Amino acid sequence: MRILPCKLEPYAISVFTEMSAMAQQHGAINLSQGFPDFEGPDFIVDAAVAAMRAGLNQYAPSHGIPELRKAVAAKMERLYGLSPDPQEEVTVFSGATEAIFSTIQGLCQAGDEVLAFEPFYDSCAPAAVMAGAEFKAVSLGSGFALDMEALERSVTDRTRLLLLNTPMNPTGKVFHEAELSAIAQFCISRGIIVITDEVYEHLVFNGARHVPMATLPGMWEQTVTISSTAKTFSMTGWKIGYAVAPPALGRAIRMAHHYVTFCTPAALQHAMALAIDVSDDYYPVLRAQYQARRDLLRSILEAAGLDVVTPEGCYFMLADFRPLGFDDDREFCRFLTTEIGVAAIPASAFFQTPGAGSHLARFAFCKDLETLKKAGERLSRLNRIGPPKTELD
Ligand code: GLN
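Residues numbered from 1 in each chain as written. Predicted model: local features only at pLDDT ≥ 70, side-chain atom pairs only at ≥ 80, totals over all residues. Heavy atoms only, no water.

Structural notes on the site of the ligand
The immediate surroundings of the ligand are formed by Phe-16, Gln-33, Gly-34, Tyr-121, Asn-169, Phe-316 and Arg-362. Contact distances for the ligand include 2.8 Å between an oxygen atom and a backbone N or O atom of Gly-34. One nitrogen or oxygen atom from the side chain of Arg-362 is found 2.7 Å from an oxygen atom belonging to the ligand. For the ligand, the protein covers 77% of the area, taking 300 Å² as the surface of the free molecule. Looking at the shell around the ligand residue by residue, the class counts come to three nonpolar, three polar and one charged. (Near = heavy atom within 4 Å. Polar contact = N/O pair within 3.5 Å; in protein donor to acceptor, adjacent residues only side chain to side chain. Areas by Shrake-Rupley, 256 points an atom, 1.4 Å probe, with all protein chains shown as cover. Nonpolar A, V, L, I, M, F, W, Y, C, P; charged D, E, K, R; others polar.)

Here we look at a nonpolar patch on the surface
Where nonpolar side chains cluster on the molecular surface, the patch consists of Phe-43, Leu-274 and Val-278 and spans about 250 Å² of accessible area. When its relative accessible area of 40% is taken as the criterion, Leu-274 is described as partly exposed. (Patch = residues over 30% accessible without salt bridge, like charges linked within 9 Å, V, L, I, M, F, W, Y side chains within 5 Å. Salt bridge = Lys/Arg side-chain N within 4 Å of Asp/Glu carboxyl O. Buried < 20%, exposed > 50% of the residue type's maximum accessible area, 1.4 Å probe, protein only.)

Overview of the sheet that holds strand β13 (residues 360-364)
What the four strands build is an open sheet, ordered β9-β10-β13-β12; its pairing is antiparallel. A single partner strand is all that each edge strand has here, and the edge strands are β9 (307-309) and β12 (345-346). Pairing geometry for β9 and strand β10 (residues 316-320), over three bridges, is antiparallel. Note that in β10 the partner of Val-309 across the bridge is Leu-318. Across the sheet, helix α11 (residues 329-340) is in contact with β12 and β13; its angle to β13 comes to roughly 45 degrees. (Pairing = 2+ DSSP bridges. Helix = DSSP H or I, 4+ residues; strand = E, 2+ residues; numbered from the N terminus. Contact = heavy atoms within 4.5 Å. Axes fitted to C-alpha atoms, helices over the stretch in contact; angles between N-to-C directions.)

With respect to the pairing of strand β5 (residues 159-165)
Across the seven residues of β5, six count as buried, placing the element largely inside the fold. The pairing of strand β3 (residues 113-118) with β5 spans four bridges and is parallel. Note that in β5 the partner of Leu-115 across the bridge is Leu-162. In this sheet, strand β6 (residues 193-197) lies alongside β5 in parallel orientation, the contact comprising five bridges. Its bridge partner lying in β6, Leu-162 is registered against Val-194. A crossover links β5 with its parallel partner β6, the connecting element being helix α7 (residues 177-190), and its sense is right-handed. (Right-handed = clockwise from strand over helix to strand, strands pointing away.)

As for the nonpolar core
Residues Phe-117, Leu-306, Phe-332, Phe-363 and Leu-382 are the most contacted members of the largest nonpolar core, which totals 134 residues. With eight residues, helix α10 (residues 282-303) is the largest single contributor of residues to this core. Excluding anything up to four places from it in sequence, Leu-382 contacts Ala-304, Leu-306, Leu-324, Phe-332, Phe-335, Leu-336 and Ile-340. (Core = buried A, V, L, I, M, F, W, Y, C linked by side-chain atoms within 4.5 Å.)

Focus on the environment of Glu-177
When you line up the elements, Glu-177 lands in helix α7. For Glu-177, a relative accessible area of 43% puts it in the partly exposed group. Distance in space between the C-alpha atoms of Glu-177 and Gly-341 is 40 Å, their sequence separation being 164 residues. For Glu-177, the contacting residues outside a window of four places in its chain are Arg-209, Val-211 and Leu-216. Within the local environment of Glu-177, its side chain forms a polar contact with the side chain of Arg-209, the two groups lying 3.0 Å apart.

So, in structure tokens, the structure goes:
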């Protein structure tokens, strides 16, 4: 038997798994992997329990239960003025990660190229590789501004898809209308399909507005809009995500989904349909809570001596630790976790360009204010103790 090297070897260990394990081993406060340490709304859990008790325990329809597809379509109409057909244009997935994966499998041929703005979410590159496609990172410019020249340089006649994430993990960037419009014109003129990951759509701060790419003129036809209930309802473990796309694209991604997971737990879909139907008043409350968490974490990190990149959206914050005398993100995050007792993600994990992001750490603020305050007490030691001395010092 000949065992070939696995093509996924370069992606062997997810940085989130690695840092959460390190946090646990050292009893560190876990600001690395992005999951809330508080419960989502009770009524959603009650609805799931009731659905299980009522016998919704067998396979769901592959595309998702009609109630959830209708709830998503109605929400897209109320909030964004889009009117997808719940029958043909909304599909439920096991989380946004599976939606991105199945979309890439469904729409790519071997040899196609998939572009993504760098920094990018870790599962995008292996998803492209599994489709036999080539993954190419397109650097954002300074301050993570859109660099159209970099985008133009990256494109070839094999470019099939562009992945966009707004609000963006890990930068906290919210793509504004002018940037979206430049990307839209670029993609329309070249026939490139946009996959847009909008899972942080409700987490935007200081009055910033989330604009779905599919609402831009001409973009509905060539956009797959992906979102999830995980972040909005603080239930990342349920993995209920969805994609909205015109039938020409939706058909291909439904076929992929059919053979990847087939379907998503019915009772949980049922509970999330209810949640989406009644939540328009909840979104501003969620935003205000997250704004308070963001502002607290920013003041904590600044007081500890880091240079913070203030996020306009999502629940992550990048911070430059060089003022503290460190210059390598993996070394800094290891020190922070083992010696200070707070875990963060080394940001280079989100970059493909060698050396990029290695001066940054990513901190999650989807945590109770009390957790963040406790982390603040620990982080206040950073200013006093500085980096560990090497033998050469
Ligand atoms: N989305 C989460 C993050 O960015 C990680 C989820 C995972 O571990 N796959 O931290």
